[in-house]
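Secondary and tertiary structure notes
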Amino acid sequence: MRILVTGGAGFIGSAVCRQLVAGGAARVVNVDKLTYAGNLDSLRTIERQANYVHYRADIGNERGMLEIMRREKIDAVMHLAAESHVDRSIDGPDIFIETNIVGTVRLLNAALAYWSELAIGARERFRFHHVSTDEVFGDLPFDGSVFTEETAYAPSSPYAASKAASDHLVRAWAHTYGLPVVSSNCSNNFGPYHFPEKLIPLAIINAIEEKPLPVYGTGMNVRDWLHVEDHVRALELVVRQGRPGESYNIGARAERCNVAVVERICDLLDGRRPRELGRSYRDLIAFVPDRPGHDRRYAIDPSKIERELGWKPRLGFDEGLSMTVDWYLANRWWWEPIRHRRYSGTRLGERQRRLA
Ligand code: NAD
């Protein structure tokens with residue numbers, strides 16, 4: 001398959017590109033505008049491969065997207081480009097509307113125009129895969145309830161609302177214009193090359209640098225964690241074998257509250273890189289005022305993708321987290337330049353700086 005990956009310089013998109021290139025895809029076309037979250041360093045291992053190319057372009061440039069699809073003879077689009085950080089969406093929602101909603105419409109228009117030009121067989125094989133989040137479903141109480149594909153949408157944050165809107169628009173382009181789309185809604189990812197404003201990389205790097213480890217509120221908010229490589233394997237199955245018009249929930253049944261995640265990171269680092277005087281990294285944990293409208297709990301029921309596409313996660317949470325801590329310890333070359341850029345504007349980032 002010749003696959004166009006939008007947002008391929010981001011955390012999940014770069015893992016998709018690395019995996020597709022290594023797996024021998026005919027062509028992997030990474031379209032990424034390189035916002036603060038895009039980083040070509042995450043693609044060093046594949047940048048010289050013959051089946052890989054990067055275009056620095058905006059998904060909102062409809063004509064440009066159509067030209068790339070034509071030139072590269074694309075068989076499928078995997079759409080990951082987005083503004084993705086909830087805290088940033090609270091501080092400044094406009095760019096989330098622009099990228100996640102308007103940008104998705106522009107990309108859909110380009111894909112529809114391109115698809116309409118294809119021969120019959122190619123039209124049947126073509127897929128537009130929209131990569132979305134479980135946050136569109138809103139939050140769950142602290143009980144055994146889970147999100148299924150039938151759960152009603154009830155997004156809480158501007159980020160979640162913008163992703164919910166894009167999910168609806170993608171379905172409308174399928175229903176109204178016949179574009180063959182598949183969608184997936186995934187829980188929180190973690191793993192290597194994760195931008196250090198998000199909880200897990202922030203905690204690991206701050207601990208390595210002996211800085212406070214900020215945790216919102218009482219730290220009891222629960223997220224359902226999935227290693228990014230397991231997510232990528234699920235995405236590959238969805239784009240290749242998912243039924244057009246369907247959506248698939250992706251998660252590993254690995255619920256953890258935030259403070260437990262940060263404590264686990266501390267314990268792993270205590271084992272690998274002991275602090276002076278026998279102190280634990282747990283001493284660095286600092287509870288900070290809660291995020292406005294902070295969702296309590298997310299939990300995914302992945303039965304449909306397990307049943308229909310035979311997907312199962314390979315990495316347990318503890319094993320995946322241990323590998324992730326090791327990766328950040330071994331790959332300062334990747335995250336130090338980002339820290340020095342002093343990216344700004346995130347609540348957790350700002351609080352972390354004030355605490356430091
Ligand atoms: P990220 O913020 O790390 O990467 C987003 C990428 O999109 C960046 O490389 C950025 O440069 C690019 N981009 C932004 N605006 C663009 C534009 N207008 N044109 C072209 N490129 C643009 O995000 P991520 O964590 O890798 O998430 C990728 C996708 O997966 C998002 O759609 C997100 O909603 C979804 N998702 C993420 C998670 C998670 O835990 N990270 C979970 C479920 C779903």
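See the structure above.
Scope of this entry: the structure provided in the associated data block. Computed from a predicted structure; not experimentally measured.

1. Digging into the packing of helix 7 (residues 199–208) against helix 9 (residues 258–272)
- One can describe the packing of helix 7 onto helix 9 by two numbers: an axis separation of 10 Å at closest approach and a directional angle of 40 degrees. With respect to their mutual orientation, helix 7 and helix 9 come out oblique. The handedness of the crossing between helix 7 and helix 9 is right-handed. On helix 9, the residues touching Leu199, Ile200, Ala203, Ile204, Ala207 and Ile208 of helix 7 are Asn258, Val261, Val262, Ile265 and Leu269.
- Taken together, the residues that form the contact of helix 7 with helix 9 break down as 10 nonpolar, 1 polar and no charged.

2. Considering the site of the ligand
- Around the ligand there are 28 residues in total, and Ile12, Asp32, Ser84, Tyr159 and Lys163 lie nearest to it.
- With respect to the ligand, the backbone of isoleucine 12 contributes an N or O atom lying 2.7 Å from an oxygen atom.
- At a separation of 3.1 Å, a nitrogen atom of the ligand approaches a polar backbone atom of lysine 33.
- Relative to its free-state accessible area of 840 Å², the ligand is covered by the protein chains to the extent of 96%.
- For the shell around the ligand, the secondary-structure elements that each account for two or more residues are helix 1 (11–22), strand 5 (127–133), helix 6 (158–177) and strand 7 (188–190).
- By residue number, the principal contributor to the shell around the ligand is strand 5, which donates 3 residues.
- Of the residues in the shell around the ligand, the class split is 13 nonpolar, 11 polar and 4 charged.

3. Digging into unusual backbone geometry
- Of note, leucine 34 is a non-glycine position whose phi angle comes to about 65 degrees, a positive value.
- Of note, leucine 34 is situated in the loop between strand 2 (27–31) and strand 3 (52–55).

Parameters and conventions
Residues numbered from 1 in each chain as written. Predicted model: local features only at pLDDT ≥ 70, side-chain atom pairs only at ≥ 80, totals over all residues. Heavy atoms only, no water. Axes fitted to C-alpha atoms, helices over the stretch in contact; angles between N-to-C directions. Helix = DSSP H or I, 4+ residues; strand = E, 2+ residues; numbered from the N terminus. Parallel < 35°, antiparallel > 145°, perpendicular 65-115°, else oblique. Left-handed = near helix turned anticlockwise from the far one by under 90°. Contact = heavy atoms within 4.5 Å. Nonpolar A, V, L, I, M, F, W, Y, C, P; charged D, E, K, R; others polar. Near = heavy atom within 4 Å. Polar contact = N/O pair within 3.5 Å; in protein donor to acceptor, adjacent residues only side chain to side chain. Areas by Shrake-Rupley, 256 points an atom, 1.4 Å probe, with all protein chains shown as cover.

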